[in-house]
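A structural walkthrough
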Amino acid sequence: MEPPLSETTPEAPPCLQGGGDMGALMRHHPWQETPVGPPAGWPASLRTLVAAVLQCQLPMYVAWGEHFTQFYNDAYRPILGDKHPAALGRPSFETWSEIWPTIGPMWQDVLNGQPVGFDDFKLTIDRYGYPEDCYFNFSYSPVQDDSGHNNGVMVTFAETTQRVLNERRLNFLDALSQD
């Protein structure tokens, strides 16, 4: 059952105020059962990042700490498909096990200070109970904790699947008409 979608709760820290449906889910999430623990104990850098993610209108996702604990906004939910809402607060390598052999090494590069990005990058993800070829323009950026160490990955992106497939269809039809 989803929590009520109020925009504020007195007990929630400022970083979880607002943020639409995901803000409400985060305010009611059992964070004490996750590697990051309750929001009151989060480092200032994580609180700032989560607040920014929740306010962003474009899909944003943050993976924090050694378990890559997941935080994401309303615009990111369609990317998850039926993995939402279970993905919230879970390790990224569990949610994205089908693509972890591809993105895991990239994220290690990011944690070593090397941003990574691609245009129209193909990933075969399982988001509605079957493998689906999807394309994304994305950037993986390191995020620092309060001590200045890279401790997370910020993911900004746009899904380009429809555009890529439409271009391929048009190219195919153009090739047929040339024959």
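Residues numbered from 1 in each chain as written. Predicted model: local features only at pLDDT ≥ 70, side-chain atom pairs only at ≥ 80, totals over all residues. Heavy atoms only, no water.

1. Quick word on the sheet that holds strand 2 (residues 69–72)
- Taken in spatial order, the five strands line up as 2-1-5-4-3 in an open sheet, and their pairing is antiparallel. The sheet is open, and its two borders are formed by strand 2 and strand 3 (116–126), each paired with just one other strand. Geometrically, the sheet is characterised by an average inter-axis angle of 35° between neighbouring strands, direction not taken into account.
- Relative to strand 2, strand 1 (residues 60–64) is paired through four bridges, and the arrangement is antiparallel. Looking at strand 2, one finds that V62 is bridged to F71.
- Of the strands in this sheet, strand 1, strand 2, strand 4 (131–144) and strand 5 (150–159) are in contact with helix 2 (residues 44–55), which crosses strand 1 at around 160°. (Pairing = 2+ DSSP bridges. Helix = DSSP H or I, 4+ residues; strand = E, 2+ residues; numbered from the N terminus. Axes fitted to C-alpha atoms, helices over the stretch in contact; angles between N-to-C directions. Contact = heavy atoms within 4.5 Å.)

2. Looking at the pattern of salt bridges
- Per the stated rule, a full pass over the model turns up nine salt bridges.
- E94 is the partner of R90 in a salt bridge, and the nearest nitrogen-oxygen pair spans 2.3 Å.
- What makes R90 partly exposed here is its relative accessible area of 38%.
- Take E94: its relative accessible area is 40%, and that puts it in the partly exposed class.
- The residue R163 makes a salt bridge to E167 at a minimum N-O spacing of 3.0 Å. With R163 and E167 both in helix 6 (residues 161–178), this residue pair falls four residues apart, about one helical turn.
- By relative accessible area, R163 is classed as partly exposed at 35%.
- In this structure E167 comes out as partly exposed when scored by relative accessible area, which is 39%. (Salt bridge = Lys/Arg side-chain N within 4 Å of Asp/Glu carboxyl O. Buried < 20%, exposed > 50% of the residue type's maximum accessible area, 1.4 Å probe, protein only.)

3. Details of the packing of aromatic side chains
- A complete count under the given rule lists 17 aromatic pairs for this structure.
- A ring pair is formed by W100 and W107, whose centres lie 5.3 Å apart and whose planes are at 85°; its orientation type is edge-to-face.
- Residue classification places W107 among the buried positions, given a relative accessible area of 2%.
- Ring plane angle 85° and centroid distance 5.4 Å describe the contact between F121 and F138, whose orientation is recorded as edge-to-face. Of the two residues, F121 is situated in strand 3 and F138 in strand 4; the sequence distance between them amounts to 17 residues. (Phe/Tyr/Trp six-rings, centres within 6.5 Å; stacked < 30°, edge-to-face > 60°.)

4. Focus on empty space enclosed by the protein
- Under the defined criterion, the tally for this structure stands at one cavity of 30 Å³ or more.
- Of the voids in this model, the largest cavity is the one considered here, and its volume is about 180 Å³.
- Elements with a minimum of two residues in the lining of the largest cavity: helix 5 (100–111), strand 3, strand 4 and strand 5.
- Of all the elements, strand 4 adds the most residues to the lining of the largest cavity, at three residues. (1 Å grid on protein atoms, 1.4 Å probe; cavity = no way out; pocket = protein on both sides within 12 Å on 5 of 7 lines; lining within 4 Å. Points joined across faces, edges and corners; volume = space filled by probe spheres on them.)

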